[in-house]
Amino acid sequence: MELLARFERTAASQPDKPAIIYFSKRMRGWKRITYRSLFDQTQRFISGLQACSLTPGAVAVVMTPPSAEFFPFALALLKFGIAPVVFDSAIGLKKIGEVIAESKPEIFFGNRLTHTLRILFGWGRDSIKRSLTVEKVKGRRSKIVPSPIVHDPSSAVAIIYTSGSTGLPKGAVYTSANFAAQLELLQNTFRISADEIDLAAFPLYVLIDLLLGVTAVVPDISFPVPGKTDPQKTISAIRRFNVTNMFASPVVLELLSSFTDGTKDARQLNHLSSLKRVITAGAPATIRLQEKFRQLLDDHTDLFGIYGATETLPIAKVESREVFALKEKTAHGAGICLGKPIEDVTVRIIPITDEPIAEWRESLEVESNDAGEITVQSLATTRAYLHREEADRLSKIKFGDEIIHRMGDAGYFDEEGRLWYCGRKSHRVVTKDGVMFTEQIENIFNAHPRVKRTALVEGNRKPVLWVELERRAGSNKDKIIGELREMAKSHRQASQIATFLFMKRFPTDARHNSKIIREELKALAEKRLS
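Asker: Before we move on, can you summarise the packing of helix α9 (residues 231-240) against helix α10 (residues 250-259) with the specific residues and values?
Answerer: Think of two packed helices as two axes; the pair is described by the angle between the axes and how far apart they sit. For the pair α9 and α10, the least separation of the axes is 9 Å and the interaxial angle reads 90°. By the angle between their directions, the pair α9 and α10 is classed as roughly perpendicular. Taking contact as the criterion, the partners of P231, Q232, T234 and I235 in α9 are, on α10, L255, L256 and F259. By residue class, the composition of the contact of α9 with α10 is five nonpolar, two polar and no charged.

Shown next as structure tokens:
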């Protein structure tokens, strides 16, 4: 499928349909960009790329702040065949330099600030041949009528880097076929129709909306990190434009539900009745958070947790009411239910090992209820990382002409065929009495009414539990520790935990502000215990 086919069809058949509705601080009001206007802007950028003597197949870094014209520019890159390197600027200047050195881009698109940083830090000194601004591309015009661009489905359309929460981010190579399959899976899984209105929390989600032909609503075009989301603006936008779909990190759900804390009238005033579905990803949302957020939703609205990764998405989904029905199992150490795998996605569980597996063998698959490493195979699954042969050896398994991706997550299938998440493979805590998986142990303690979340780490070869309390939880930590020990006494592994440490707020990943950085907590625990 041509990636821009739906976008172009929408521009032709519904030219006046809003493509992006965003709040402009400069204009102090909401602005609309129609599909026809967006199509015309995209064509101008394509002409500009050609006038700048750029060629399809090149790799480019795009370091320019999000803006309304960023999206036609991104669509032009996709159509023209220039693969952008996508990463989170919040990873820091040092890691940005390492990502650029690894990806070897030939082109750098930036603004005055990022071009200054590029020169100052020597980013891409050995690879970058052209340095441009979005404004310069927009201002150029090619005198040659561009010929139709035909894409090879196996050619790279983007290099999307992981969040890098455990080290240097890895660049997943997305082909046209991967991206097209991902769009198809998302549309079919959630039955996204052409008349949807989506509240987009990330620039990439806006791009997905446009490629699906739906309307994207953006309360803040600068796209602050999820933890800085303005709940009043977000709720107001959902209600004003009758938003039907929202894709958000757990931290955003928490901000929205906390904003309406207090009286029943406050919750009613901010009720989000237009929503058909809310999709949350980036890290598991706790059961308590899902229960709290559901108070803002009508009964007809689905609250989905979606399982996936940068390398392959989506994999599985689960609706909150199914999670609530399994609450007791979670509280007794079963882990987190991820639901059943999505149609056309194959999930298998293999024994846990840190060694590479070159080729698939049927004997690798374990039985139901046996914990192992989760593996995924679908048309949306990326085949390789950029310039990372060792990472490919450790995470990819050949399956004929296809690739199976090892998620690095521990999990299992229950007797009903539901997939359960036990935690990251690298975060498992090995004791003399067996292996402890983070999500199985933590959710026993997360059921405490004063506990917001917990994090299991290893400290000096012993299990240590970090505790983050709810706001206004009180300061009697000794009493809370006693209650946590009481909750764990009937569980063989959880009852072994002797050390409880407290932190006001856990460190989290730069992308979703939801994934706990356990490596930092492990180092801090060892320092405290030494």
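Moving on, there is more to tell.
Asker: Pulling in residues and values, what's your account of the packing of helix α1 (residues 5-13) against helix α2 (residues 35-51)?
Answerer: The geometry of α1 relative to α2 is characterised by a closest axis approach of 8 Å and an angle of 125° between their N-to-C directions. Put simply, α1 runs oblique to α2. As α1 packs across α2, the resulting crossing turns out to be left-handed. Contact residues: α1 offers F7, E8, T10, A11 and A12, while α2 offers Y35, R36, L38, F39 and T42. Considered class by class, the residues forming the contact of α1 with α2 number six nonpolar, two polar and two charged.

Asker: Quick rundown of the pairing of strand β20 (residues 419-424)? Include the residues and the values.
Answerer: For β20, the buried fraction is high: five of the six residues fall into the buried class. Two strands pair when backbone bridges link them, and strand β15 (residues 336-341) and β20 are joined in this way by three bridges, in the antiparallel orientation. When the bridges of β20 are listed, I336 appears paired with Y421. Inspection of the sheet shows strand β19 (residues 402-413) paired to β20 by five bridges, in the antiparallel sense. Note on β20: the bridge partner recorded for A410 is G423. Linking two consecutive strands that pair antiparallel, namely β19 and β20, is a turn of five residues; a positive phi of about 85° is found at G417 within it.

Asker: Before we move on, can you summarise helix α17 (residues 477-488) with the specific residues and values?
Answerer: An ideal rise of 1.5 Å per residue puts 16 Å on 12 residues; α17 measures up with 16 Å between its terminal C-alpha atoms. Turning to α17, its buried residues are I480, I481, L484 and A488. In an axial view of α17, the angular spread of the buried residues amounts to 100°, which keeps them on one side of the axis. Residues of α17 that are buried in the fold lie against α16 (438-445), β23 (451-459), β24 (462-469) and β25 (499-502).

Asker: So, the nonpolar core: which residues are in play, and what are the values?
Answerer: The nonpolar side chains of a soluble globular protein tend to be buried with one another. Judged by nonpolar contacts, the single largest core of 66 residues is most densely connected at I20, L49, L54, F73, F109, V206 and L210. Tallying contributions element by element places helix α3 (residues 70-80) first for this core, with nine residues. Excluding its chain neighbours within four sequence positions, the residues that come into contact with F109 are L49, L54, A60, V61, V62, M63, T64, F73, L77, H115, L132 and V137.

Asker: Break down the sheet that holds strand β4 (residues 83-86) for me, with residues and values.
Answerer: An order of β6-β5-β3-β4-β7-β8 is seen for the six strands of this open sheet, with the pairing classed as mixed. In this open sheet, the two strands that pair with only one neighbour each are β6 (130-132) and β8 (171-175). Across the sheet, the axes of successive neighbouring strands diverge by a mean angle of 20°, strand direction being ignored. Summarising the sheet, strand β7 (residues 156-161) and β8 pair through five bridges and their orientation is antiparallel. Note on β8: the bridge partner recorded for A156 is T175. Packed on one face of the sheet, α3 meets β3 (59-63), β4, β5 (107-110) and β7 and runs near 175° to β3. Contacts from helix α5 (residues 112-121) reach β3, β5 and β6, with the element oriented near 135° to β5.

Asker: Would you mind going over the pairing of strand β1 (residues 18-24) in detail, with residue names and values included?
Answerer: In terms of burial, β1 is largely enclosed, as five of its seven residues are buried. Where β1 folds back onto strand β2 (residues 29-34) in an antiparallel hairpin, the turn is made up of four residues, including R28, whose phi is positive at roughly 55°. In this structure, β1 lies alongside strand β10 (residues 215-218), joined through three bridges in parallel fashion. Within the sheet, the bridge partner assigned to Y22 lies in β10 and is V218.

Reading guide: rules and limits
- Residues numbered from 1 in each chain as written.
- Predicted model: local features only at pLDDT ≥ 70, side-chain atom pairs only at ≥ 80, totals over all residues.
- Heavy atoms only, no water.
- Axes fitted to C-alpha atoms, helices over the stretch in contact; angles between N-to-C directions.
- Helix = DSSP H or I, 4+ residues; strand = E, 2+ residues; numbered from the N terminus.
- Parallel < 35°, antiparallel > 145°, perpendicular 65-115°, else oblique.
- Contact = heavy atoms within 4.5 Å.
- Nonpolar A, V, L, I, M, F, W, Y, C, P; charged D, E, K, R; others polar.
- Left-handed = near helix turned anticlockwise from the far one by under 90°.
- Buried < 20%, exposed > 50% of the residue type's maximum accessible area, 1.4 Å probe, protein only.
- Pairing = 2+ DSSP bridges.
- Expected span 1.5 Å × (residues − 1).
- Arc of directions from axis to C-beta.
- Core = buried A, V, L, I, M, F, W, Y, C linked by side-chain atoms within 4.5 Å.

These values are about where atoms sit, not about what they do.
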